[in-house]
Amino acid sequence: MKFIDKTCSDFIDALSSKEAVPGGGGASALLGALSAALGMMVCNLTVGKQKYADVQDDILQVLNKAEALKSELLHLVDEDAACFKPLAQAYGIPKDDHRRGQILEDALKLACTVPMDIMRLCADAVLLHEELLEKGSRLALSDVGVGVIFCKAALQGAALNVFINTKTMKSREYASLLDAEANGLLDKHCALADKIYEEVTAKLK
């Protein structure tokens, strides 16, 4: 059974076990999906309301984008587990096996692919929350704040799953490229997430 097909309780039990998957990467993907889902809820509470008729087309576009992000991030919960397995197996190869180095390097690169995808998708989700802050229903303003908090945490969590693997890569040039992209996404979109959260808080107080 896929992790995303489990009940919430079963997924949390699996997350809390000694098994390597699901782990921080899968949890980050799920948190990102929750962020996108909250964005969808804000959209659905806005569409059809006369007060927001002038932004309805924009909100419908946000809704479609958020639904796509939610689906992709949910898919990455299980994809992260699949991409981590080769790395777990590589660490089990005897150190005197001449194949170990290359197998481990390839597995490290593969293990970075999903966390990087999570970061890119969450960066897009932050931008959607920024638009919802301006155009979404005021009755769901707190949900914009919760959504963007989740999104920031998912970004940061996925970044850690990149950095733990790039740190031990032999190809420092490749590792540096991944680190640079991850740091760029963190710098830009975490700052934006903080700004959105602060604006939500200011409007609620």
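Computed from a predicted model, the values in this text were never measured in an experiment.

## Re the side chain of E105
Phase 1 of the analysis: One can find E105 in helix α4 (residues 100–135).
Phase 2 of the analysis: Although buried, E105 forms no salt bridge, and the nearest oppositely charged side chain, K109, lies 4.4 Å from it.
Phase 3 of the analysis: Setting aside residues up to four positions removed in sequence, E105 forms contacts with M169, K170 and S171.

## Details of the packing of helix α5 (residues 141–166) against helix α6 (residues 172–204)
Phase 1 of the analysis: Packing of α5 against α6 leaves a shortest axis separation of 9 Å and a crossing angle of 165°. Our classification of the angle between α5 and α6 gives roughly antiparallel. The handedness of the crossing between α5 and α6 is left-handed.
Phase 2 of the analysis: Considering only residue class, the contact of α5 with α6 consists of 18 nonpolar, six polar and five charged.

## Some thoughts on empty space enclosed by the protein
Phase 1 of the analysis: The final tally for this structure, using the stated rule, is one cavity of 30 Å³ or more.
Phase 2 of the analysis: Approximately 40 Å³ is the volume found for the largest cavity.
Phase 3 of the analysis: What lines the largest cavity is simply S35, A36, G39, A66, A125, L128, H129 and L132.
Phase 4 of the analysis: At the level of elements, α2 (24–46) and α4 are the ones that each hand at least two residues to the lining of the largest cavity.
Phase 5 of the analysis: Considering each element in turn, the lining of the largest cavity owes the most residues, four residues, to α4.

## Some words on the nonpolar core
Phase 1 of the analysis: Within the largest apolar cluster, 62 residues are counted, with the highest numbers of intra-cluster contacts made by I118, M119, V126 and I196.
Phase 2 of the analysis: Taken together, the elements giving at least two residues each to this core come down to α1 (8–15), α2, α3 (56–91), α4, α5 and α6.
Phase 3 of the analysis: For this core, the element with the highest residue contribution is α4, accounting for 17 residues.
Phase 4 of the analysis: Every residue in contact with V126, bar those within four places of it in the chain, is listed here: V148, C151, L155, H189, L192, A193 and I196.

Definitions and cut-offs
Residues numbered from 1 in each chain as written. Predicted model: local features only at pLDDT ≥ 70, side-chain atom pairs only at ≥ 80, totals over all residues. Heavy atoms only, no water. Helix = DSSP H or I, 4+ residues; strand = E, 2+ residues; numbered from the N terminus. Buried < 20%, exposed > 50% of the residue type's maximum accessible area, 1.4 Å probe, protein only. Lys, Arg positive; Asp, Glu negative; His and termini not counted. Salt bridge = Lys/Arg side-chain N within 4 Å of Asp/Glu carboxyl O. Contact = heavy atoms within 4.5 Å. Axes fitted to C-alpha atoms, helices over the stretch in contact; angles between N-to-C directions. Parallel < 35°, antiparallel > 145°, perpendicular 65-115°, else oblique. Left-handed = near helix turned anticlockwise from the far one by under 90°. Nonpolar A, V, L, I, M, F, W, Y, C, P; charged D, E, K, R; others polar. 1 Å grid on protein atoms, 1.4 Å probe; cavity = no way out; pocket = protein on both sides within 12 Å on 5 of 7 lines; lining within 4 Å. Points joined across faces, edges and corners; volume = space filled by probe spheres on them. Core = buried A, V, L, I, M, F, W, Y, C linked by side-chain atoms within 4.5 Å.

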